[in-house]
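Below, each chain spelled out in residue letters.
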Amino acid sequence: MERASQAAIAPADRAQPANYTFALTVVTALFFMWGLLTSLNDILIPHLKSVYNLTYVQAMMVNLAFFSGYFLLSIPAGALIRRIGYKAGAVVGLAVCAVGAALFYPAATSVYALFLCALFVLAGGITILQVAANPYVTVLGAPATASSRLNLTQALNSFGTFVGPPVGGYLILSHISTVADPSHMTAAEKLAQAQAVQGPYLGLAATLAILAILFAVIRLPVIRDDDTGTTVAGSILKQKRLMLGVLAIFVYVGAEVSIGSFLINYMGDASIAGFTPEIGANYVAYYWGGAMVGRFIGSAVMRTISPGKVLAFNAAVCIALLVATTFGHGHFAMWAVLAVGLFNSIMFPTIFSMSVHELGPQTSQGSGLLVMAIAGGAVVPVIQAQAADVIGLQPSFLVPAACYAFILYFGAKYARMYVDVKAV
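Only a predicted model underlies this, so the values are computations on that prediction, with no experimental measurement involved.

Caption draft 1: Inspection of the overall build of the protein chain at higher detail. Helices and strands together make up the secondary structure of the protein chain, namely 19 helices and 2 strands. Relative to its full complement of 424 residues, the protein chain shows a buried share of 57%. The contacts of the protein chain with a sequence gap of at least 6 include a subset with a gap of at least 24, amounting to 86%. For the protein chain, the accessible surface area stands at approximately 16,300 Å², while carbon and sulfur atoms represent 68% of it.

This is the structure we're talking about:
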C-alpha cells in the first residue's frame, strides 16, 4: 500500500547524475520492513487473544490501534515532511518505528493496553515512512525506469508480508500451541507466553535503528514538493470518482486486513483444518504470497484489459471464494479463503490510480484522502469480530464479502477507464 507523490529532484541535483544503487537498496529495505511489520499483526492477534483470553472484538483492537494511525497521523506526517524534508522525515519515521517495536519489551510484562500503545506508535512511524520514502523511489535513477523501480519496491513490500507470518509463527506462536485451555493458564504461564514477543520485536527495533542511521548518512538527492497548494480544499470533495474511490480503498483494506487477522483462528477450527497456531501461520503466508504473485499477473493482464474490468472481475471472484469459505468445510473452505489473497493483488493500486486519474492539481489532496482511507483496516476487522462473537467465526466472513461487493460496483462503474497503474 503505497502513497502517490507529487515530488521531484531539485534542479541542482538533477544536473549532476549519480549512482544511487546503495541508496535505492536502503530505501527498498524500508518497503520490506513495513510489509513485514504489518503482516506480523496476523501473528499478534491469535497470540494476544490466547494470552489475555480475549473475545474476537477485544483481539481486533490490535488492528484498530495500528490502522487508526493512518487516519489520525497521515496529515500531521505530511506537515512534518514539509517542515523538515523527506530525508529527515524518513529518519524520524524509522526512529519512531524503532521506539514502537522496543515498547513491546515492557508491554510483555504489563497489560494488553500497553501492547496497543506500542502498535499505535509503530503505525505512526510507518505512516511517516509512507509519506517520506515513496518519492525517493522515483528519483533514485533515470526517469525512464521509475515504474520499474516502483514495481520492485512494491514487490519487496509484498515479500515482507509473505515472510512475516511464518517467521512470526516460528518465533512467537510456537509458544502457545501446547496450551490446552488458555482460560486456565496461571499468571506465570501467561507472563512466559507474553514475553515470547520480546526477542523478535527487540530484534526489529535494532534493525530499524540501523536503517535510520544508514538513511541519515547515505547521499540522497534533495526532493522538493511540486504541489502548488492553490486548490480550494472544499472542491476536492466534489470529485465523485475520487470519493467513491476513498470508500473503495476503505473497504478493500478493511477486508484484506480482516481476513488475514482471522485466518489462524479459522484454520484452527476442527471442521476446517484443525491446525495449531504455528502451522496456521505458515499457511497465512499463502494468503499474502498470493497477493505478491497476483500483482505481476494483473500487471500483464491490464496491458490489454481495462483496470476497471479486472477490478470488477477480481472482486466478484473474492465474493464467490468467501461464500465458499462461509458455507464450505475442511480444506476446501481453507484454500478458498487463502485464494482471496491472489485476487486482492491488484486492488489497491488499481483503485488508487483510477481514483486520482485526471485530478490535475488536486492529485496531491486526493492521494492524501486515499491514504487516510487505509483506516478501513481498523474498522472492518472490528465489525467482523463482532459478527464472529455473535454468529460464529465462519459466517462472519460474509462481512468482507460485502466489502468486495462495493469494489465490484466501483470497478464496473468505471470499467471503460484506461489508466496506467504501474506507477502507483
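The rest of the description comes next.
Caption draft 2: A look at the side chain of T350. Relative to the helices and strands, T350 resides in helix α16 (residues 347-356). From its side chain, T350 meets the backbone oxygen of I346 in a polar contact 2.5 Å long.

Caption draft 3: Here's a closer look at the packing of aromatic side chains. Evaluation of the coordinates by the stated rule reveals 19 aromatic pairs. Aromatic pair F275 and Y283: ring centres 4.7 Å apart, planes at 25°, arrangement stacked. Since its relative accessible area comes to 22%, Y283 is described here as partly exposed. A connected cluster of aromatic rings, assembled from ring pairs, spans Y52, F104, Y112, F115 and Y201. Directly above the ring of Y56 sits K49, whose terminal nitrogen or CZ lies 4.5 Å from the centroid. In this structure, R241 is placed above the aromatic ring of Y414, and the distance from its NZ or CZ to the ring centre is 5.9 Å.

Caption draft 4: Molecular detail of the confidence of the model for the protein chain. With 84% of its residues at a pLDDT of at least 70, the protein chain reaches an overall mean of 83. Highest mean pLDDT in the protein chain belongs to helix α19 (residues 398-413) (97); lowest belongs to helix α1 (residues 11-14) (43). Note that pLDDT drops below 50 for residues 1-17; the model gives that stretch 55 contacts with residues more than four away or on any other chain. Note on residues 227-233: pLDDT under 50 across the span, and 8 contacts to partners over four residues away in sequence or across chains.

Caption draft 5: Up close: the nonpolar core. Grouped together as the largest cluster of nonpolar side chains are 132 residues, with contacts concentrated most on Y201, F215, I259, M347, I351, Y404 and I407. Ranked by residues supplied to this core, first place goes to helix α12 (residues 240-267) with 16 residues. Discounting residues that sit within four places of it in the chain, I407 has contacts with A248, V251, Y252, L311, A315, M347 and I351.

Caption draft 6: Structural context of the environment of H331. The residue H331 is located in helix α15 (residues 330-344) in this model. On a C-alpha basis, the gap between H331 and M267 in space is 8.8 Å, while along the polypeptide they are 64 residues apart. Not counting residues up to four positions away in its chain, the partners in contact with H331 are I272, A273 and F275.

Reading guide: rules and limits
- Once a new chain begins, its residue numbering starts again from 1 and follows that chain's sequence as written.
- In keeping with the model being predicted, local features are shown solely for residues with a pLDDT of at least 70 and side-chain atom pairs are shown and tallied solely at 80 or more, while totals for entire chains, interfaces and linings include all residues.
- With hydrogens and water stripped out, all remaining heavy atoms of the structure feed into the side-chain values.
- Numbering of helices and strands runs from the N terminus, with a helix taken as a DSSP run of H or I at least four residues long and a strand as a DSSP run of E at least two residues long.
- In this scheme, a residue with accessible area under 20% of its type's maximum is buried, one over 50% is exposed, and one in between is partly exposed, where area comes from a 1.4 Å probe on protein chains only.
- When checking whether two residues touch, look at their non-hydrogen atoms; a contact exists if any pair is within 4.5 Å.
- Note on areas: Shrake-Rupley with a 1.4 Å probe; residue coverage comes only from the protein chains shown.
- Polar contacts, as used here, are pairs of N or O atoms within 3.5 Å; protein pairs need one atom able to donate a hydrogen and one able to accept it. Residues neighboring in sequence count only if both atoms are side-chain atoms.
- Note on aromatic contacts: the rings of Phe and Tyr and the six-membered ring of Trp form a pair at centre separations within 6.5 Å, being stacked when their planes are under 30 degrees apart, edge-to-face when over 60 apart, and tilted otherwise.
- Sitting over a ring, as applied to charges here, requires NZ of Lys or CZ of Arg to be within 6 Å of the ring centre and within 35 degrees of the ring normal.
- In predicted models, pLDDT denotes the confidence assigned by the predictor to each residue on a 0 to 100 scale.
- What makes a nonpolar core is a set of buried Ala, Val, Leu, Ile, Met, Phe, Trp, Tyr and Cys residues whose side-chain atoms join them at distances within 4.5 Å.

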